[in-house]
Amino acid sequence: MKRLYADLGLALVALIWGSTFPVVKIALDSMSPFAFNTVRFFIACLFFLPFLKGLDFKDGFKIGVVSFLGYTFQTVGLDYTTATNAGFITSTYVVLAPIISWLVYKDVFDRRDVSGVLLAFIGFYFLSGYSGFNIGDILMLFCALFFGAEIAMISHYSRITNPTMLAFWQAFAIFVLSAPFAVFTTTKFEINTTVVLCLLITAFFATFVAKMLQNWLQSYTKSSDAAVILSLEGVFAHLFSVLVLAEILTPLQYFGAFLILLAVIIVSLRI
């Protein structure tokens, strides 16, 4: 039951992250990407301060470096490829996370894990509307690799390290590594009511709350489960984009979302 509750909690994390896609898109009209990430993760670090216990930073900071590299390749890659290509290629972390976990940490996964991972991967293909190949897609593959490694590392280290400390040092690493890039790449830095609201939403809910939940809950489930369930982020991102930005999904995209949902049911309920 702990594993089932953990999977349900990770679905909530995916919901929170998915809801922030239109929020971040709106914020980036007024603030450059690295500047936004620097401020976002600095604010998130402040929320963690009352809950810190000790200074065990090694494991969390390592994961934070990997997370930062994922964000960086994603940000740069988006300049050279389409959003649909980026969304699909990033989602390949669903396949990569359990493979990395198996290669590095010797975690095993059975046929249900494999079927869930492959079903989620196919679902993302339909959901994204992926088309063609370009040079930016190579950068997005590196992004997916690092996000897959992040999930595998969290599943491993959350069992041996305080989850709160793990989450804090991840956020701190992203903050300090984003700051130098922000200095040299910032062309927009407008502080207005909308940006402040977006920063608070992403810093508190999408970083502080979601990271705390992710690091705590992944200690009760497998990396393959976590990868498939967190892939619901893409489904929720599309749905919130429909609600907030009036984007339209095709019947094929809804079919892809259904396949991802089915994959989550397979790995969570072990059917």
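Residues numbered from 1 in each chain as written. Predicted model: local features only at pLDDT ≥ 70, side-chain atom pairs only at ≥ 80, totals over all residues. Heavy atoms only, no water.

Chemist: Which parts of the structure should I look at to understand the overall build of the protein chain?
Modeler: Counting its secondary structure elements, the protein chain contains twelve helices and zero strands. Listing the helices and strands of the protein chain from first to last along the sequence gives α-α-α-α-α-α-α-α-α-α-α-α. Over its C-alpha atoms the protein chain spans a radius of gyration of 17 Å, differing by no more than 12% from the 18 Å that the globule rule assigns to 271 residues. Taken along the three principal axes of its C-alpha coordinates, the protein chain extends 50 × 45 × 30 Å. For the protein chain, the proportion of its 271 residues judged to be buried stands at 50%. Within the protein chain, contacts between residues separated by at least 24 positions form 93% of all contacts whose residues are at least 6 apart in sequence. For the protein chain, the accessible area works out to roughly 12,500 Å², and carbon and sulfur atoms hold 75% of it. Where the 15 positive side-chain charges of the protein chain centre and where its 14 negative ones centre are 9 Å apart. (Helix = DSSP H or I, 4+ residues; strand = E, 2+ residues; numbered from the N terminus. Rg over C-alpha atoms; globule rule 2.2 N^0.38 Å. Buried < 20%, exposed > 50% of the residue type's maximum accessible area, 1.4 Å probe, protein only. Contact = heavy atoms within 4.5 Å. Areas by Shrake-Rupley, 256 points an atom, 1.4 Å probe, with all protein chains shown as cover. Lys, Arg positive; Asp, Glu negative; His and termini not counted. Charge placed at Lys NZ, Arg CZ, Asp CG, Glu CD.)

Chemist: Help me understand the packing of aromatic side chains, please; the structure alone is not making it clear to me.
Modeler: Throughout the structure, instances matching the rule amount to 23 aromatic pairs. Geometrically, the ring pair formed by F68 and F181 is tilted, given 5.6 Å between the ring centres and 45° between the ring planes. Note that F68 is positioned in helix α3 (residues 58–77) and F181 in helix α8 (residues 163–185), a separation of 113 residues in sequence. On the basis of relative accessibility, which here comes to 6%, the residue F68 falls in the buried class. Through pairs of rings, three or more aromatic residues link up here, namely F42, F47, F48, F51, F57, F168, W169, F172, F175, F204, F205 and F208. (Phe/Tyr/Trp six-rings, centres within 6.5 Å; stacked < 30°, edge-to-face > 60°.)

Chemist: So what exactly am I meant to see when it comes to the state of the cysteines here?
Modeler: Any covalent bond linking the sulfur atoms of two cysteines counts as a disulfide. Within the structure shown, the criterion is met by zero disulfides. This cysteine, C198, is not joined by any disulfide, and C45 carries the nearest cysteine sulfur, 19 Å off. The class of C198 is buried, set by a relative accessible area of 6%. (Disulfide = S-S within 2.5 Å.)

Chemist: Looking at this model, I keep getting lost on the side chain of K211. Mind explaining?
Modeler: Along the chain, the position of K211 falls in helix α9 (residues 193–217). For K211, a relative accessible area of 9% corresponds to the buried category. If we skip the residues at most four places from it in the chain, K211 touches F48, E150, I154, A167 and Q170.

Chemist: It is not clear to me how the packing of α3 against α8 should be interpreted in this structure. Could you clarify?
Modeler: For any two helices packed against each other, the geometry comes down to the angle between their axes and how far apart the axes lie. Between α3 and α8, the shortest axis-to-axis distance is 7 Å and the interhelical angle comes to 45°. The angle between α3 and α8 places the two elements in the oblique class. As for the relative orientation of α3 and α8, their crossing is right-handed in sense. Where α3 approaches α8, its residues D59, G60, F61, I63, G64, V65, S67, F68 and Y71 are matched on the opposing element by L166, W169, Q170, F172, A173, I174, V176, L177, S178 and F181. Looking at side-chain class alone, the contact of α3 with α8 contains 13 nonpolar, five polar and one charged residues. (Axes fitted to C-alpha atoms, helices over the stretch in contact; angles between N-to-C directions. Parallel < 35°, antiparallel > 145°, perpendicular 65-115°, else oblique. Left-handed = near helix turned anticlockwise from the far one by under 90°. Nonpolar A, V, L, I, M, F, W, Y, C, P; charged D, E, K, R; others polar.)

Chemist: Would you take a moment to explain α9 for this structure?
Modeler: Turn by turn, an α-helix covers 3.6 residues, leaving residues three or four places apart pointing in a common direction. Helix length check: α9, at 25 residues, gives a terminal C-alpha distance of 34 Å against a target of 36 Å (1.5 Å per residue), a fit within 8%. Maximal helix bending in α9 amounts to about 35°, located at A210. Of the residues flanking the start of α9, the one acting as N-cap is N192, its side-chain oxygen 3.1 Å from the backbone nitrogen of T194. (Expected span 1.5 Å × (residues − 1). Bend = angle between axes of the 7 residues up to and from the residue. Polar contact = N/O pair within 3.5 Å; in protein donor to acceptor, adjacent residues only side chain to side chain.)

Chemist: Honestly, the packing of helix α2 (residues 33–48) against α9 in this entry has me stumped. Any pointers?
Modeler: Interhelical geometry of α2 versus α9 gives an angle of 55° and a closest axis separation of 8 Å. Classed by the angle they form, the pair α2 and α9 counts as oblique. Like other packed secondary-structure pairs, α2 and α9 cross with a definite hand, here right-handed. Only C198, L199, T202, A203, F204, A206, T207, F208, K211 and M212 of α9 make contact with α2, whose side of the interface consists of F36, V39, R40, F41, I43, A44, F47 and F48.

Chemist: What's the story with unusual backbone geometry in this structure? I'm lost.
Modeler: Across the chain, the bulk of peptide bonds are trans and the bulk of non-glycine residues have phi less than zero. For K106, which is not glycine, the phi dihedral falls at a positive 60°. Topologically, K106 is positioned in the loop between α5 (93–105) and α6 (111–128). For K106, a relative accessible area of 63% puts it in the exposed group.

Chemist: When you look at the nonpolar core in this model, what are you seeing that I'm missing?
Modeler: The nonpolar side chains of a soluble globular protein tend to be buried, and buried together. One finds I151, V228, L230 and L232 to be the most contacted residues of the largest nonpolar core, which totals 39 residues. Once you skip the residues sitting within four places of it in the chain, I151 turns out to touch Y93, A97, Q218, S223, A226, A227 and L230. Among the nonpolar cores identified, the runner-up in size contains 25 residues, and F41, A167, W169 and V195 belong to it. (Core = buried A, V, L, I, M, F, W, Y, C linked by side-chain atoms within 4.5 Å.)

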